[in-house]
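Listed below are the residues making up each chain.
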Amino acid sequence: MKSIIVYESAFGNTEAIAFAIRDTLQQFGETAAYRAGEFSPAQLSAYDLIVAGSPTQKFNMLPDMRTFLDTIPPGALAGRQVAAFDTRIDIHKVNNRFLTLMVKLFGYAAAPIARKLTKKGGKLRQDPAGFFVEDTKGPLTEGELIRAGKWAAGLAGNG
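Each value, and the rule that gives it
- Think of each chain on its own: its residues are numbered from 1, step by step along the sequence as written.
- For a predicted model such as this one, the threshold for reporting local features is a pLDDT of at least 70, and the threshold for listing and counting side-chain atom pairs is 80 or more; totals across whole chains, interfaces and linings nevertheless cover every residue.
- The side-chain values count all of the structure's non-hydrogen atoms but skip hydrogen atoms and water molecules.
- Planes of paired rings set the category: under 30 degrees apart is stacked, over 60 is edge-to-face and the rest tilted, where pairs are Phe, Tyr or Trp rings (Trp by its six-membered ring) whose centres lie within 6.5 Å.
- The helix count covers DSSP runs of H or I at least four residues long, the strand count covers runs of E at least two residues long, and both are numbered beginning at the N terminus.
- Exposure is judged per residue with a 1.4 Å probe applied to protein chains only, and the accessible area is read against the type maximum: over 50% gives exposed, under 20% gives buried, and values in between give partly exposed.
- Look at NZ for Lys and CZ for Arg. If either is within 6 Å of the ring centre and within 35 degrees of the ring normal, a charge sits over the ring.
- Contacts described as polar in this section are N or O atom pairs within 3.5 Å, which, within protein, must combine one atom able to donate a hydrogen with one able to accept it, while residues neighboring in sequence count only if both atoms come from side chains.
- Whether two residues are in contact is decided by their heavy atoms, any of which lying within 4.5 Å being enough.
- Basic side-chain nitrogens of Lys or Arg form a salt bridge, by our definition, when they fall within 4 Å of a carboxyl oxygen of Asp or Glu.
- UniProt positions are given in the numbering used here, feature names are shortened, and annotations may be inferred rather than shown by experiment.
- For two strands to be treated as a pair, DSSP must find no fewer than two bridges joining them.
- Call a crossover right-handed when, viewed with both strands pointing away from you, the route from the first strand across the helix to the second goes clockwise.
- Patch building starts from residues that exceed 30% relative accessible area and form no salt bridge, then joins like charges within 9 Å and nonpolar side chains (Val, Leu, Ile, Met, Phe, Trp, Tyr) within 5 Å.
- Throughout, the Shrake-Rupley method with a 1.4 Å probe supplies accessible areas, and for residues the shown protein chains are the sole cover considered.

Labelled according to an unreviewed UniProt entry, the protein chain appears under the name Flavodoxin-like domain-containing protein, originating from bioreactor metagenome.

**Q** I would appreciate a short explanation of the packing of aromatic side chains in the present structure.
**A** Scanning the model with the defined rule gives 8 aromatic pairs in all. A centroid spacing of 6.3 Å and a plane angle of 65 degrees characterise the contact between phenylalanine 85 and phenylalanine 131, whose relative ring orientation is edge-to-face. Taken together, the residues phenylalanine 85 in strand 4 (residues 81-89) and phenylalanine 131 in strand 6 (residues 129-133) connect sequence positions 46 residues apart. Residue classification places phenylalanine 131 among the buried positions, given a relative accessible area of 0%. An aromatic cluster is built from Tyr34, Phe39, Tyr47 and Phe68, whose rings are joined through pairwise contacts. One cation-aromatic arrangement involves lysine 2 over tyrosine 47; the distance from NZ or CZ to the ring centre is 5.2 Å. One cation-aromatic arrangement involves arginine 88 over tyrosine 108; the distance from NZ or CZ to the ring centre is 3.6 Å.

**Q** So what exactly am I meant to see when it comes to the environment of alanine 110 here?
**A** With respect to the helices, strands and loops of the structure, alanine 110 is situated in helix 5 (residues 110-119). Residue classification places alanine 110 among the buried positions, given a relative accessible area of 1%. Remark: the alpha-carbon pair of alanine 110 and isoleucine 72, spanning 38 residues in sequence, is separated by 17 Å.

**Q** Would you mind showing me how to read the side chain of arginine 88 here?
**A** Relative to the helices and strands, arginine 88 is located in strand 4. A distance of 2.8 Å separates the side chain of arginine 88 from the side chain of aspartate 86, its partner in a polar contact. Setting aside anything within four residues of it in sequence, one finds arginine 88 in contact with Thr56, Tyr108, Ala110, Ala129, Gly130, Phe131, Phe132 and Val133.

**Q** Can you walk me through the pattern of salt bridges in this structure?
**A** Pairs can form between side chains of opposite charge whenever their charged atoms are close. Scanning all chains against the criterion turns up 8 salt bridges. Between glutamate 144 and arginine 147 there is a salt bridge; the shortest N-O distance is 2.7 Å. Placement of both glutamate 144 and arginine 147 in helix 6 (residues 144-155) is noted, with a separation of 3 residues, approximately one turn of the helix. Residue arginine 147 is classed as partly exposed on the basis of its relative accessible area of 34%. A cluster of three or more residues bridged by salt bridges with shared partners is formed by Glu8, Glu15 and Arg35.

**Q** Honestly, the UniProt feature "domain: Flavodoxin-like" (unreviewed entry) in the protein chain in this entry has me stumped. Any pointers?
**A** Look at the UniProt record and you will see "domain: Flavodoxin-like" (unreviewed entry) annotated at residues 3-156. A distance of 9 Å separates the end C-alpha atoms of residues 3-156, which is 37% helix and 21% strand.

**Q** Explain the pairing of strand 3 (residues 49-55) to me, please; I cannot follow it from the model alone.
**A** In regular strands, side chains alternate between the two faces of the sheet. Burial analysis of strand 3 places 7 of its 7 residues in the buried class, the great majority of the element. Alternating residues of strand 3 divide into Leu49, Val51, Gly53 and Pro55 and Ile50, Ala52 and Ser54, and every residue in both groups is buried. Looking at chain direction, strand 1 (residues 3-7) and strand 3 are connected through 5 bridges and run parallel. Pairing of tyrosine 7 across the sheet is with glycine 53, part of strand 3. The pairing of strand 3 with strand 4 spans 7 bridges and is classified as parallel. Bridge assignment links glycine 53 to a residue of strand 4, and that residue is phenylalanine 85. Crossover strand 3 to strand 4 through helix 2 (residues 63-70) is right-handed.

**Q** Explain a nonpolar patch on the surface to me, please; I cannot follow it from the model alone.
**A** Where nonpolar side chains cluster on the molecular surface, the patch consists of Leu101, Leu105 and Phe106 and spans about 320 Å² of accessible area. Tracing the backbone shows leucine 105 in helix 4 (residues 97-106). Take leucine 105: its relative accessible area is 56%, and that puts it in the exposed class.

Laid out in structure tokens, this is it:
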């Protein structure tokens with residue numbers, strides 16, 4: 001299986017998750033990871049599995065990820081497996097009613113990323129995943145890199 005992880009990262013946390021996913025998927029075949037602005041959607045046809053991820057900021061993905069996904073031609077992901085992830089603050093730890101309401105209304109980045117990938121023809125390999133950070137700038141919550149590796153093993157069919 002040839003896999004690619006395309007990600008955006010503001011403070012390095014989402015990049016760390018992307019690299020943990022990459023490192024696990026490398027056990028199952030050729031795998032690469034690129035920032036969204038450094039990879040052309042025209043190259044996606046070379047991959048069997050496309051994983052995309054972004055931090056959740058303002059209840060959505062970062063602009064470079066949106067641009068990357070929007071420039072994928074319609075139908076370009078037909079026959080490809082896709083998956084999506086994000087990094088986010090755990091609203092249960094924050095315990096803020098307003099933030100909880102906003103998340104219920106607007107959600108996180110992973111679901112819209114997954115929708116855009118499937119709209120371009122991709123077949124969702126498994127449910128989108130969210131990985132927790134302790135605060136806006138991080139760090140990642142303890143154990144999230146391990147959880148990202150397990151999620152990636154599931155993408156490879158070995159989870």
